[in-house]
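Chain by chain, the residues:
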Amino acid sequence: MSALAVGAVISIALCMWMRFAIWDFYTMHHIPLVARHELETLRAAPDYNQARLWELFQRYYNVRDLLPGVASRDWLLLAALVMASVPVVVLCGLFASRPLSQQFSNVAQAARKVAQGDFSARALAVPYAPDELVNLAEDFNGMTIKLEQYEREVRDSSAILAHELRTPLNAAMGRVQGMLDEVFPSDSEQLQMVKRQLDQLNRLVGDIHLLSLARAGQLAMEESHFALGDLITERLAWSGPQLDAADISRWVQVPHDLFVVADRDRLGQVLSILVENILRYAASGGSLEVVSTVSENHLVLEVADRGPGVKEEQLFRMFDRFWRAEHSRARPWGGNGLGLSIASAICNAHGGSIGATNREGGGLAVRIVLPFN
């Protein structure tokens with residue numbers, strides 16, 4: 001609107017200048033040549049002979065155009081130009097502000113849907129809308145995506161959490177009740193079975209507690225300076241017997257002099273989670289690849305396999321709580337569905353991110369991106 005107003009003022013001024021220029025040009029070229037030269041000389045130095053200059057003006061110009069007042073043709077022309085420019089400015093302003101108002105309407109409409117509980121609502125971006133409003137719509141959509149994810153997690157995890165807690169608890173209670181009823185002997189073997197169920201329950205509670213701390217931004221990080229290659233070698237050695245039993249080959253490409261500043265135990269936990277997922281779901285691929293690169297102040301660590309992969313439409317949900325790929329990575333292999341969400345929480349707590357893509361030729365690649373100084 002400011003540009004339209006400035007443009008209108010400039011246009012009016014230009015029209016007035018053109019009116020004066022054309023009028024003066026026409027008058028000067030229709031007076032005798034001698035009088036024209038005399039008038040040009042006097043106009044160049046008006047104080048030299050004002051009486052003669054005024055006499056020439058009276059003779060060849062319309063004196064009414066030189067008199068003060070609002071009744072002159074100049075003021076009438078100015079009024080006409082202003083009246084003509086007002087509807088033009090209004091129409092152009094409405095046309096120019098249409099993308100702006102439409103973008104606001106889209107955001108407001110999506111906000112009303114979100115207020116009614118529809119977290120799938122998105123604010124459509126309007127072409128030619130101001131960049132600030134487009135960014136507002138994108139930020140709003142990012143917020144609704146997060147809200148939709150949280151709502152889905154709460155809805156899905158309530159029943160799953162009850163099931164995950166009930167299963168080991170019922171097994172432990174049944175075993176204890178069996179010993180009390182003397183169906184099972186009260187010996188160390190039976191107690192060991194009870195302990196395994198309680199350990200599973202304790203791990204599940206601990207995982208949920210970790211995710212709660214991460215969601216609240218209170219997950220403590222104890223950073224240290226360490227060699228990334230040593231950490232990877234250590235974690236692969238821990239899982240060595242299981243990897244050997246599954247006949248999974250290991251291929252690691254990490255520089256020995258690559259040192260990072262991070263929470264060593266937490267980052268090792270992420271690596272262990274990824275290795276466990278490969279053992280659980282991708283053992284048939286027979287391959288585990290770990291590659292690290294550094295670019296633009298970021299460390300990229302990729303852990304890949306040659307297993308069945310994940311359906312493209314499910315990749316964005318892999319790091320949700322209690323998510324399991326029911327088809328390509330089947331439920332009977334176990335797990336409580338919290339591993340990848342814990343890995344995501346740890347990466348986010350480091351100021352980084354984690355994502356997954358399917359590989360060409362089959363398999364899944366999980367990419368970890370962390371700040372690197």
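For the structure, see preceding data.
As the structure is a computational prediction, the values presented were derived from the model and not from experiment.

(A) Examining empty space enclosed by the protein more closely. Across all of its chains, the model carries 1 cavity of 30 Å³ or more by this definition. Taken as a whole, the largest cavity encloses approximately 50 Å³ of empty space. Lining of the largest cavity is provided by Ile232, Arg235, Leu236, Leu271, Leu274, Val275, Leu288, Val290 and Val303. At the level of elements, α7 (228–238), α9 (264–281) and β4 (287–295) are the ones that each hand at least two residues to the lining of the largest cavity.

(B) Region of interest: a nonpolar patch on the surface. Judged by side-chain polarity, Leu14, Trp17, Met18 and Ile22 come together as a nonpolar surface patch covering roughly 450 Å² of accessible area. By the secondary structure assignment, methionine 18 is in helix α1 (residues 2–28).

(C) Seen up close, the side chain of threonine 144. Examined against the element boundaries, threonine 144 turns out to sit in helix α5 (residues 131–180). In terms of polar contacts, threonine 144 uses its side chain to reach the side chain of arginine 122, at 3.1 Å. Here threonine 144 is in contact with Val114, Phe119, Ala121 and Arg122, once residues within four sequence places are set aside.

(D) Focus on helix α10 (residues 339–349). Counting buried positions along α10 gives 8 out of 11 residues, so the element sits mostly inside the fold. Those residues of α10 lying buried are Leu340, Ser341, Ile342, Ala343, Ser344, Ala345, Ile346 and Cys347. Trailing α10 by a residue or two, glycine 351 shows a phi angle of about 80°, which is positive.

(E) Representation of the sheet that holds strand β6 (residues 353–358) in the model. On the basis of which strands lie adjacent, the open sheet formed by 5 strands has the order β2-β4-β5-β7-β6 and mixed pairing. Only two strands of the sheet have a single neighbouring strand rather than two, namely β2 (249–253) and β6. Sheet twist, expressed as the mean angle between neighbouring strand axes with direction ignored, is 15°. Sheet topology note: the β4/strand β5 (residues 298–305) ladder contains 8 bridges and is antiparallel. Bridged to valine 290 within β5 is valine 303.

(F) A look at the pattern of salt bridges. Under the definition given, this model contains 9 salt bridges. The salt bridge partner of arginine 359 is glutamate 289, with a shortest N-O separation of 3.0 Å. Here glutamate 289 lies in strand β4 and arginine 359 lies in the loop between β6 and β7 (364–371), a separation of 70 residues in the sequence. Neither arginine 359 nor glutamate 289 differs from the other in exposure class; each is buried. One connected set of salt bridges, linked through shared partners, spans Glu38, Arg52 and Glu55.

(G) Summary view of the environment of aspartate 257. Tracing the backbone through its elements, the reader meets aspartate 257 in the loop between β2 and β3 (259–263). Spatially, the C-alpha atoms of aspartate 257 and tryptophan 17 are 75 Å apart, while their sequence positions differ by 240 residues.

(H) Geometry of the packing of aromatic side chains. What the rule picks out here adds up to 0 aromatic pairs. The ring of phenylalanine 184 has arginine 175 sitting right over it, with the charged end atom 4.2 Å from the ring centre. Over the face of the ring belonging to phenylalanine 226 we find arginine 264, whose NZ or CZ atom lies 5.7 Å from the ring centre.

(I) Representation of the nonpolar core. Counting 47 residues, the largest nonpolar core has Leu228, Ile232, Leu288, Met318 and Ile368 as its most contacted members. In terms of residue count, α9 provides more of this core than any other element does, 7 residues in total. Counting 8 residues, the second-largest nonpolar core is a separate cluster that includes Met28, Ile31, Leu39 and Phe57.

What counts, and where the lines are drawn
- Sequence order as written defines residue numbering, which begins from 1 separately in each chain.
- Confidence filtering applies because this is a predicted model: local features only for residues at pLDDT of at least 70, side-chain atom pairs given and counted only at 80 or more, and all residues used for totals across whole chains, interfaces and linings.
- In computing side-chain properties, one takes all heavy atoms of the structure into account and sets aside hydrogens as well as water.
- Buriedness for pockets is judged along seven lines, at least five of which must meet protein on both sides within 12 Å for an open set on the 1 Å grid over protein atoms alone, while cavities are sets there where a 1.4 Å probe fits but cannot get out, and lining residues have an atom within 4 Å of a point.
- Grid points are joined across faces, edges and corners, and a volume is the space filled by probe spheres set on the points.
- Helical segments are the DSSP runs of H or I of at least four residues, strand segments are the runs of E of at least two, and each set is numbered from the N terminus.
- Patch criteria: residues need more than 30% relative accessible area and no salt bridge. Like-charged residues are merged within 9 Å; nonpolar side chains of Val, Leu, Ile, Met, Phe, Trp and Tyr are merged within 5 Å.
- Each accessible area is a Shrake-Rupley result for a 1.4 Å probe, and residues are judged covered by the shown protein chains and nothing else.
- The salt bridge criterion pairs a side-chain nitrogen of Lys or Arg with a carboxyl oxygen of Asp or Glu, the two atoms within 4 Å.
- Here a polar contact means two N or O atoms within 3.5 Å. Within protein one must be a hydrogen donor candidate and the other an acceptor candidate, and residues neighboring in sequence count only if both atoms are side-chain atoms.
- Only heavy atoms matter for contacts: two residues are in contact if any of them lie within 4.5 Å across the pair.
- Per-residue accessibility, obtained with a 1.4 Å probe over protein chains only, is compared with the maximum for each type, and a residue is labelled buried under 20%, exposed over 50%, and partly exposed between these values.
- Being paired, for any two strands, means DSSP has found at least two bridges between them.
- Between N-to-C directions, angles span 0 to 180 degrees; the directions come from axes that are lines fitted to C-alpha atoms, helices contributing only their stretch in contact.
- Pairing of aromatic side chains here covers Phe, Tyr and the six-membered ring of Trp, requires ring centres within 6.5 Å, and sorts the geometry by plane angle: under 30 degrees stacked, over 60 edge-to-face, intermediate tilted.
- Only Lys NZ and Arg CZ are tested; either one counts as a charge over a ring when it is within 6 Å of the ring centre and within 35 degrees of the ring normal.
- The term nonpolar core refers to a set of buried residues drawn from Ala, Val, Leu, Ile, Met, Phe, Trp, Tyr and Cys, joined through side-chain atoms within 4.5 Å.

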